[in-house]
Amino acid sequence: MNQNLISLEQWAAFVAVVEEGSYAKAAEALNKSQSTVSYAVSRVEESLGAPVLKVSGRKAQLTPLGEVMLRRAQQLIKDAKETEQLARCVAQGWESEVSIAVDVIFPMSKVLDALEAFNQQGKPTRIRVLETSLSGTDEVLLNGQANLVISPRFPPGFIGEQFASIEFLAVAHKDHPLNLLDTSFNVDELAPHRQVVMRDSGVKRNQNAGWLGAEQRITVSHFSTSVEVIKRGLAFGWVPTSYMQRELSSGELKELNLVEGRRRAMQLYLINPKGELAGPATQLLRQIFLEQKE
């Protein structure tokens, strides 16, 4: 096999012949002469040591080798275009990556809605989503690890915009002993029962929130796991209603008949650590989140 590297232009000529169906149409699409296109394809075949196209009548058809190389060539061309676009964006100050720290209280479906809207802009920016909880969200913010942060609080020196209000509901499986009681009960009567609580994702500070101090507890890292624990009747817990709409509607999970405290609301803030110094991709994503504000 010839060791000469095949140029991107030669790969593009090969792909064009396949996609257009003939050398003549490929030459027209590429705004080149037919002889130039033909020569480029011949160089591809020379480098590979075998033909990638065969002409049947006026139509160019793929050989078995051509079928394999077509997918690779199309990906090469796609990667080259994206690389050029990325270079232009970076040169204009557009970030190549934006990191978002999202406290697990906030529904991930809403984050994905924002990312879909961002993706429609056609900018080649990588998005990194960090799912955090409790002090872990603070640490990401304080360590400068995220361009945007969605958190229930913000440390001194940072400004957060009120963004969403999340409702928590005390629930248990419909057959849990707490849901079989005939009358309402006080919070202190929950202590003998196992509660599911969230693990703190921070490493420097370890906080506990949303539990009553009982030794009987199951600690998890995400509210979706909390719901599964509660569905199995293993524990009760306070969970954002957005995580268990289906289970509440079906009656599989029931609201605890607490005298008070069964419902809690938590305010979330959208924090832009760099403020006006944030790059255009961060600013755009921030604006998209705010436009989706409830």
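### Overview of helix α5 (residues 108-119)
Link 1 in the chain: Helix length check: α5, at 12 residues, gives a terminal C-alpha distance of 16 Å against a target of 16 Å (1.5 Å per residue), a fit within 8%.
Link 2 in the chain: Those residues of α5 lying buried are V111, A114, L115 and F118. All buried residues of α5 fall inside an arc of 100° around its axis, so they share one side.
Link 3 in the chain: In this structure, the buried residues of α5 make contact with β3 (97-103), β4 (126-132) and α9 (280-291).

### Considering the pattern of salt bridges
It is possible for side chains bearing opposite charge to pair when their charged atoms get close.
Link 1 in the chain: A full pass over the atoms with the stated rule returns 13 salt bridges.
Link 2 in the chain: In this structure, K32 and E9 form a salt bridge, with 2.9 Å as the shortest nitrogen-oxygen distance. Placement of K32 in the loop between α2 (23-30) and α3 (34-48) and of E9 in helix α1 (residues 8-20) is noted, with a sequence separation of 23 residues between them.
Link 3 in the chain: The shortest N-O distance in the salt bridge between E247 and K231 comes to 3.5 Å. Placement of E247 in helix α8 (residues 245-250) and of K231 in helix α7 (residues 223-231) is noted, with a sequence separation of 16 residues between them.
Link 4 in the chain: For E247, a relative accessible area of 6% corresponds to the buried category.
Link 5 in the chain: Through salt bridges that share partners, E167, E255, R262 and R263 make up one connected network.

### A short note on the packing of α1 against α2
Link 1 in the chain: As a packed pair, α1 and α2 sit with axes 8 Å apart at the nearest point and diverge in direction by 120°. By the angle between their axes, α1 is oblique relative to α2. Once α1 is placed against α2, the crossing between them reads as right-handed. Two secondary-structure elements touch here, α1 through A12, A13, A16, V17 and E20 and α2 through Y23, K25, A26, A29 and L30.
Link 2 in the chain: Considered class by class, the residues forming the contact of α1 with α2 number eight nonpolar, no polar and two charged.

### Some details on the nonpolar core
Link 1 in the chain: Formed by 47 residues in total, the largest nonpolar core has its most connected members in F106, L256 and F289.
Link 2 in the chain: Per element, the largest residue contribution to this core is eight residues, and it comes from strand β6 (residues 160-173).
Link 3 in the chain: Those residues in contact with F289 that lie beyond four places of it in its chain are I100, K110, V111, A114, L148, I150, F163 and L270.
Link 4 in the chain: V17, Y23, V41 and V52 belong to the second-largest nonpolar core, a separate cluster that totals 22 residues.

Calculation rules
- Residues numbered from 1 in each chain as written.
- Predicted model: local features only at pLDDT ≥ 70, side-chain atom pairs only at ≥ 80, totals over all residues.
- Heavy atoms only, no water.
- Helix = DSSP H or I, 4+ residues; strand = E, 2+ residues; numbered from the N terminus.
- Expected span 1.5 Å × (residues − 1).
- Buried < 20%, exposed > 50% of the residue type's maximum accessible area, 1.4 Å probe, protein only.
- Arc of directions from axis to C-beta.
- Contact = heavy atoms within 4.5 Å.
- Salt bridge = Lys/Arg side-chain N within 4 Å of Asp/Glu carboxyl O.
- Axes fitted to C-alpha atoms, helices over the stretch in contact; angles between N-to-C directions.
- Parallel < 35°, antiparallel > 145°, perpendicular 65-115°, else oblique.
- Left-handed = near helix turned anticlockwise from the far one by under 90°.
- Nonpolar A, V, L, I, M, F, W, Y, C, P; charged D, E, K, R; others polar.
- Core = buried A, V, L, I, M, F, W, Y, C linked by side-chain atoms within 4.5 Å.

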